[in-house]
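Topology and contacts: notes
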Amino acid sequence: QVQLVESGGGLVQPGGSLRLSCAASGIMFSSYTTGWHRQAPGKQRELVAVINNSGITNYADSVKGRFTISRDNAKNTVYLQMIGLKPEDTAVYYCNANDHYGHNYWGQGTQVTVSS
């Protein structure tokens, strides 16, 4: 059974930092492209950052320079370090893993709220 379990969300003040984690099980993690998406109320889910199995990263323009995605294949975990958080970063953040064979998995999401 495939599971992606996110953690690390919460309430933070503007300018603050959070680190999200996503622990995967039931897949050959190292062969998957992994990423973080987010969905704010009333908006479509959007890609935040992605890292492939070669370590190549890509970011949404809105988070470049503030967010860093990384992965630890030994721990089957992908991370999203977020600094300089803004109210517009408030959303449910979802972990995703996909491979070349069409497998595509999502976590349950973790809430990030940026507010004073």
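Bear in mind the structure is a predicted one, so any value in this text is a computation, not a measurement.

Observations regarding the overall build of the protein
On a plain count of helices and strands, the protein comes out with zero helices and 11 strands. The C-alpha atoms of the protein give 13 Å as radius of gyration, which agrees with the globular expectation for 116 residues (13 Å, within 12%). Based on the C-alpha atoms only, the size of the protein along its principal axes is roughly 40 × 25 × 25 Å. In the protein, which comprises 116 residues, the proportion classed as buried is 41%. Long-range pairs, those at least 24 residues apart, make up 53% of the contacts in the protein between residues at least 6 apart in sequence. Total accessible area computed for the protein in this model is approximately 6200 Å², and 48% of it derives from carbon and sulfur atoms.

Brief notes about the pattern of salt bridges
Throughout the structure, instances matching the rule amount to four salt bridges. A salt bridge links Arg38 to Asp89, with the nearest nitrogen and oxygen atoms 2.9 Å apart. Of this pair, Arg38 sits in strand 4 (residues 33-39) while Asp89 sits in the loop between strand 8 (77-82) and strand 9 (91-98), and the two are 51 residues apart along the sequence. We classify Arg38 as buried; its relative accessible area is 6%. Owing to a relative accessible area of 0%, Asp89 belongs among the buried residues under this scheme.

So, the state of the cysteines
According to the stated counting rule, one finds one disulfide in the structure shown. Residue pairing for Cys22: its cysteine sulfur links by disulfide to Cys95, the two sulfurs lying 2.1 Å apart. Its S-S torsion of approximately -80 degrees makes the covalent link between Cys22 and Cys95 left-handed. With a gap of 73 residues between them, Cys22 in strand 3 (residues 18-25) and Cys95 in strand 9 connect regions that are remote in the sequence. We classify Cys22 as buried; its relative accessible area is 0%. Judged by relative accessible area, Cys95 falls into the buried class, the value being 1%.

Some details on the packing of aromatic side chains
Per the stated rule, a full pass over the model turns up one aromatic pair. Their ring planes at 35 degrees and their centres at 6.2 Å tell us that Tyr32 and Tyr105 sit as a pair that is tilted. Residue Tyr32 is found in the loop between strand 3 and strand 4, and its partner Tyr105 is found in strand 10 (residues 104-106); the two are separated by 73 residues along the sequence. Residue classification places Tyr32 among the buried positions, given a relative accessible area of 6%. In this structure, Arg45 packs its charged tip against the face of Trp106, placed 4.6 Å from the ring centre.

Observations concerning the nonpolar core
Trp36, Leu80, Met82 and Tyr93 are the most contacted members of the largest nonpolar core, which totals 29 residues. Those elements that provide at least two residues to this core are strand 3, strand 5 (46-51), strand 7 (67-72), strand 8, strand 9 and strand 11 (110-114).

Scoring rules and cut-offs
Residues numbered from 1 in each chain as written. Predicted model: local features only at pLDDT ≥ 70, side-chain atom pairs only at ≥ 80, totals over all residues. Heavy atoms only, no water. Helix = DSSP H or I, 4+ residues; strand = E, 2+ residues; numbered from the N terminus. Rg over C-alpha atoms; globule rule 2.2 N^0.38 Å. Buried < 20%, exposed > 50% of the residue type's maximum accessible area, 1.4 Å probe, protein only. Contact = heavy atoms within 4.5 Å. Areas by Shrake-Rupley, 256 points an atom, 1.4 Å probe, with all protein chains shown as cover. Salt bridge = Lys/Arg side-chain N within 4 Å of Asp/Glu carboxyl O. Disulfide = S-S within 2.5 Å. Phe/Tyr/Trp six-rings, centres within 6.5 Å; stacked < 30°, edge-to-face > 60°. Lys NZ or Arg CZ within 6 Å of the ring centre and 35° of its normal. Core = buried A, V, L, I, M, F, W, Y, C linked by side-chain atoms within 4.5 Å.

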